[in-house]
Amino acid sequence: QVQLVESGGGLVQAGGSLRLSCAASGSIFSIAAMGWYRQAPGKQRDVVASISSGGITNYADSVKGRFTISRDNAKNTVYLQMNSLKPEDTGVYYCNGFTIRYGVRSDYWGQGTQVTVSS
C-alpha cells in the first residue's frame, strides 16, 4: 500500500511559479512510476508529467519547457516545479503512483491541490 500527500498549490499570477510536493509513504519501493495529473474545471483528469522508477521523465506538450518533475529519494518526495504559469494551467493537481505486482496494476492518488493562475 502507498499513501500520497500533496502540498504546494495556491494562487499565482500569470508568469509566476509554484512547486508542488508529493510525499509518499508505505511500500514506496514498489512504485513503478509516479506522475502529476491535472483536472481543469469541466474537463477530465489528464497527465501532466511522469517519472519512472528509472528516472525517465515525460511531459504533456502543453507544459514542455515550463514544468519539471523531479524526485528526492531521501525524502520520499516527488516535486513538480511549475514556471511561466499560464491561466490554462489552472486546475486541481493530483499526484499518482502505481505498482505492478503479480501482474496486477494498482494506482494510488493524492488528495489533490488547487492551482489557480490569474491573468
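To be clear, the structure that these remarks concern was listed above.
Everything in this summary refers to the structure shown in the same document. Predicted model only: the values in this text are computed from it and were never measured.

## Thoughts on the sheet that holds strand S7 (residues 67-72)
Next, step 1: With respect to topology, four strands assemble into an open sheet ordered S1-S3-S8-S7, the strand pairing being antiparallel. Only two strands of the sheet have a single partner each, and these edge strands are strand S1 (2-7) and S7. Averaged over neighbouring strand pairs, the angle between their axes works out to 20° when direction is ignored.
Next, step 2: Where strand S3 (residues 18-26) and strand S8 (residues 77-82) come together, six bridges link them in antiparallel fashion. Bridging across to S8, Ala23 finds its partner in Thr77.

## Focus: the nonpolar core
Next, step 1: Within the largest apolar cluster, 25 residues are counted, with the highest numbers of intra-cluster contacts made by Leu4, Trp36, Phe67, Leu80, Met82 and Tyr93.
Next, step 2: Looking at this core, the element that brings in the most residues is S3, giving four residues.

## Some points on the pairing of S3
Next, step 1: Pairing analysis gives six bridges linking S1 to S3, with the strands arranged antiparallel. Within S3, the residue paired with Glu6 across the bridge is Cys22.

## Considerations on the layout of surface pockets
Next, step 1: Roughly 260 Å³ of internal volume is contained in the largest pocket.
Next, step 2: Ile28, Ile31, Met34, Arg71 and Asn73 are, among the 16 residues lining the largest pocket, the residues nearest its centre.
Next, step 3: Counting residues per element, the ones that place at least two in the lining of the largest pocket are strand S4 (31-39), strand S5 (45-52), S7 and S8.
Next, step 4: Residue composition of the lining of the largest pocket, by class: nine nonpolar, five polar and two charged.

Rules and cut-offs
- Residues numbered from 1 in each chain as written.
- Predicted model: local features only at pLDDT ≥ 70, side-chain atom pairs only at ≥ 80, totals over all residues.
- Heavy atoms only, no water.
- Pairing = 2+ DSSP bridges.
- Helix = DSSP H or I, 4+ residues; strand = E, 2+ residues; numbered from the N terminus.
- Axes fitted to C-alpha atoms, helices over the stretch in contact; angles between N-to-C directions.
- Core = buried A, V, L, I, M, F, W, Y, C linked by side-chain atoms within 4.5 Å.
- Buried < 20%, exposed > 50% of the residue type's maximum accessible area, 1.4 Å probe, protein only.
- 1 Å grid on protein atoms, 1.4 Å probe; cavity = no way out; pocket = protein on both sides within 12 Å on 5 of 7 lines; lining within 4 Å.
- Points joined across faces, edges and corners; volume = space filled by probe spheres on them.
- Nonpolar A, V, L, I, M, F, W, Y, C, P; charged D, E, K, R; others polar.

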